[in-house]
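# Observations on the three-dimensional arrangement
Letter by letter, the chains look like this.
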Amino acid sequence: MDALERLRVLCLALPEVTERLSHGEPTWFVRGKKTFVMFADHHHDDRLAFWCAAPHGAQEELVGEDPERFFRPPYVGQRGWLGVYLDVEADWAEIAEIVADAYRQIAPKSLTACMS
């Protein structure tokens, strides 16, 4: 399974998530309205990655700890969103946690209440 397919499986497993193209890239929405993850297939540079909502302080922490795997994405980075490179060895258990955290940042509490 390629990176896009693995990311798609993680996102679509979450409650009331849909996928559609946005700015030419696969993007995942909660209840069809609010974006929480955006795929970035060489969208603004020569890297394969995704951008996602992140808890307060996570972007600074992760980018500071491992800039080879994490970055501040354009446009949404100033709002604390996190960029995650997928063209390096990916830790898919960690990526699953990052995607779940992104969902928790955007989804209504009624949808996240059942998440462990």
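See the structure shown above.
Residues numbered from 1 in each chain as written. Predicted model: local features only at pLDDT ≥ 70, side-chain atom pairs only at ≥ 80, totals over all residues. Heavy atoms only, no water.

## Thoughts on the overall build of the protein chain
In terms of regular secondary structure, the protein chain is built from 4 helices and 6 strands. Ordered by position from N to C terminus, the α and β elements of the protein chain give α-β-β-β-β-α-β-β-α-α. Projected onto the principal axes, the alpha-carbon positions of the protein chain cover approximately 35 × 30 × 25 Å. Considering the protein chain as a whole, with its 116 residues, one finds that 43% of them fall into the buried category. The contacts of the protein chain with a sequence gap of at least 6 include a subset with a gap of at least 24, amounting to 42%. (Helix = DSSP H or I, 4+ residues; strand = E, 2+ residues; numbered from the N terminus. Buried < 20%, exposed > 50% of the residue type's maximum accessible area, 1.4 Å probe, protein only. Contact = heavy atoms within 4.5 Å.)

## Re helix H1 (residues 3-12)
Within the span of H1, buried status applies to Ala3, Leu4, Leu7, Arg8 and Cys11. Looking straight down H1, one finds that the buried residues subtend no more than 130° of arc, so they occupy a single side. Against the buried residues of H1 lie strand S1 (17-22), strand S2 (25-30), strand S3 (34-41), strand S4 (48-52) and helix H3 (92-106). (Arc of directions from axis to C-beta.)

## Overview of the sheet that holds strand S6 (residues 82-85)
Spatially, the 6 strands line up as an open sheet ordered S1-S2-S3-S4-S6-S5, and their pairing is antiparallel. A strand with exactly one partner marks an edge of an open sheet, and here the two such strands are S1 and strand S5 (70-71). Both S5 and S6 contribute to a ladder of 2 bridges, which runs antiparallel. Along S6, the bridge assignment pairs Phe71 with Gly83. With respect to the sheet, H1 is in contact with S1, S2, S3 and S4, its orientation differing from that of S2 by roughly 10°. (Pairing = 2+ DSSP bridges. Axes fitted to C-alpha atoms, helices over the stretch in contact; angles between N-to-C directions.)

## Observations regarding the pairing of S3
Sheet topology places S2 next to S3; 4 bridges connect them, and they run antiparallel. Residue Phe29 lies in a different strand from S3, and its bridge partner there is Thr35. Between S2 and S3, which follow one another and run antiparallel, lie 3 residues, and Arg31 among them has a positive phi close to 55°. Here S3 runs beside S4; their pairing, made up of 5 bridges, is antiparallel. Across the sheet, the residue bridging to Asp41 is Leu48, located in S4.

## Topic: the packing of aromatic side chains
Evaluation of the coordinates by the stated rule reveals 2 aromatic pairs. The interplanar angle of 80° and the centroid separation of 5.6 Å between the aromatic rings of Phe36 and Tyr103 together place this pair among those described as edge-to-face. One end of the pair, Phe36, is in strand S3; the other, Tyr103, is in helix H3, with 67 residues separating them in the sequence. As far as burial versus exposure is concerned, Phe36 and Tyr103 are alike and both buried. We note Arg20 situated over the ring of Phe29; from NZ or CZ to the ring centre the distance is 3.7 Å. Stacked on the ring of Tyr85, the Lys or Arg Arg47 has its end atom at 3.6 Å from the ring centre. (Phe/Tyr/Trp six-rings, centres within 6.5 Å; stacked < 30°, edge-to-face > 60°. Lys NZ or Arg CZ within 6 Å of the ring centre and 35° of its normal.)

## What about the nonpolar core?
If you look at the biggest cluster of nonpolar residues, it comprises 40 residues, and the most contacted ones within it are Trp28, Phe36, Val37, Phe50, Val99 and Tyr103. Of all the elements in the fold, those that place two or more residues in this core are H1, S2, S3, S4, helix H2 (58-65), S5, S6 and H3. Take this core: its biggest share by element is 7 residues, from H3. (Core = buried A, V, L, I, M, F, W, Y, C linked by side-chain atoms within 4.5 Å.)

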